[in-house]
Amino acid sequence: MSEDKHKTEINNEETSHTPPPRRTKKKKKVRKLPFIILIIIIAFAIVIGYAVHGYNSGIQYAKNQGKTLKQHKFNGAAKNDGKITIMVLGADKAQGGISRTDSIMIAQYDYIHKKMKMMSVMRDIYADIPGHGKHKINSAYSIGGPELLRQTLKKNLDIDPEYYAILDFTGFEKMIDELEPNGVPIDVEKDMSANIGVSLKKGEHKLNGKELLGYARFRHDAEGDFGRVRRQQQVMQTLKKQLVSPSTFPKLPKVAGILRGYLNTNMPDSALIQTGLNFGLRGDKDVKSKTLPIQNTYQDYQSPSDGSALQIDKAANKKAAKAFLDN
């Protein structure tokens, strides 16, 4: 009896000195945690360093090409409504000190609902240009730069962007060639070559920067400016897909740097980066698009000074623009 009791005491004593396995595992996890955190920090630093280097090299590339940016006066008012609205212009090279805009778009990103919208404004709209009478709407940019164009958009279409962004055609070409050295896949809808500097054949092709720009600018067919605006939106939708593709992700910092190096804008870099990251990482990739004037609200008009133009129903198009941007 006493012998059994003695054995029981010994067993209890041995058991009491055995460390619980769970505690050991927990200590090992605690010891590993600093190394895991260190690895994450190092990886994060490498990614940030790579992005910064690529971005700066893109900007330097634009500087090496002799590109200098001049900021323009612009009185767009911030609305603090959770959205950012930008007047995006494609500008031709200045001739005789006058630069023309070949495309007018209104880009809007909604930070709350993570949605991007793109509205094209046809350059042939016959508009009241404040202080300068009636002309095609794109004449406002040639006469008084982005600020006069903003005033013209406000007066005729009740669109009042907060910022402007002007990308010249050379910058567009360089950005495309960096993004897709083998070309961007596009279904060319017809043979085209008139006044675009390249010759394109109908069918599926991979277009380099110069060819893609020519495709987006072509207007010498029965559709005229309507066809050009439609193709510009087609190009934008295609580029959106390329930009969010995993295969192009490593190229994005340098592409963004090239874009910034050729982009004349009053947007701060912080807003550009915030919008780009927000859309790229969390935004709805279904970019909604619209064209002004809308159907059945315009008629052809022969302007005494500007030639063929579009006379529009301003009230109907103001309503359509407001519904699209505010919805």
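Overview of the structure. Since this is a predicted model, take the numbers as computed values, not measurements. (Residues numbered from 1 in each chain as written. Predicted model: local features only at pLDDT ≥ 70, side-chain atom pairs only at ≥ 80, totals over all residues. Heavy atoms only, no water.)

**Re the sheet that holds strand β3 (residues 115–121)**
Across the sheet, six strands lie side by side as β9-β6-β1-β2-β3-β10; this open sheet has mixed pairing. The open sheet terminates on both sides in strands that have one partner only, identified here as β9 (263–265) and β10 (284–292). Direction aside, the axes of adjacent strands within the sheet are offset by 20° on average. Both strand β2 (residues 101–110) and β3 contribute to a ladder of seven bridges, which runs antiparallel. Within β3, the residue paired with Y109 across the bridge is M116. Across the sheet, helix α7 (residues 252–262) lies against β6 (163–168) and β9, angled at about 60° from β9, the strand it touches most. (Pairing = 2+ DSSP bridges. Helix = DSSP H or I, 4+ residues; strand = E, 2+ residues; numbered from the N terminus. Axes fitted to C-alpha atoms, helices over the stretch in contact; angles between N-to-C directions. Contact = heavy atoms within 4.5 Å.)

**Quick look at helix α8 (residues 269–282)**
Over its 14 residues, α8 runs 19 Å from end to end, which matches the ideal 20 Å to within 8%, given 1.5 Å per residue. A271, T275, N278 and F279 are the residues of α8 that are buried. Looking down the long axis of α8, one finds its buried residues gathered within 90° of arc, a one-sided arrangement. In α8, the exposed positions angled more than 90 degrees off the buried face are occupied by S270 and L281. On its buried face, α8 is in contact with β1 (83–91), β2, β3, α6 (225–243) and β10. (Expected span 1.5 Å × (residues − 1). Buried < 20%, exposed > 50% of the residue type's maximum accessible area, 1.4 Å probe, protein only. Arc of directions from axis to C-beta.)

**Considering the side chain of Q233**
If you trace the backbone, Q233 turns up in helix α6. Residue Q233 is classed as buried on the basis of its relative accessible area, which comes to 15%. From its side chain, Q233 meets the backbone oxygen of K290 in a polar contact 3.1 Å long. Residue contacts for Q233: discarding those within four places in its chain leaves S120, S289, K290 and T291. (Polar contact = N/O pair within 3.5 Å; in protein donor to acceptor, adjacent residues only side chain to side chain.)

**Quick look at the nonpolar core**
The nonpolar side chains of soluble globular proteins are, as a tendency, buried together. In this structure, F172, L200, L212, Y215 and L239 are the most contacted members of the largest nonpolar core, which totals 40 residues. No other element matches helix α4 (residues 169–179), which puts five residues into this core. Here L239 is in contact with F172, I176, L179, V184 and L212, once residues within four sequence places are set aside. In this structure, A91, M119, I137 and Y164 belong to the second largest nonpolar core, which totals 30 residues. (Core = buried A, V, L, I, M, F, W, Y, C linked by side-chain atoms within 4.5 Å.)

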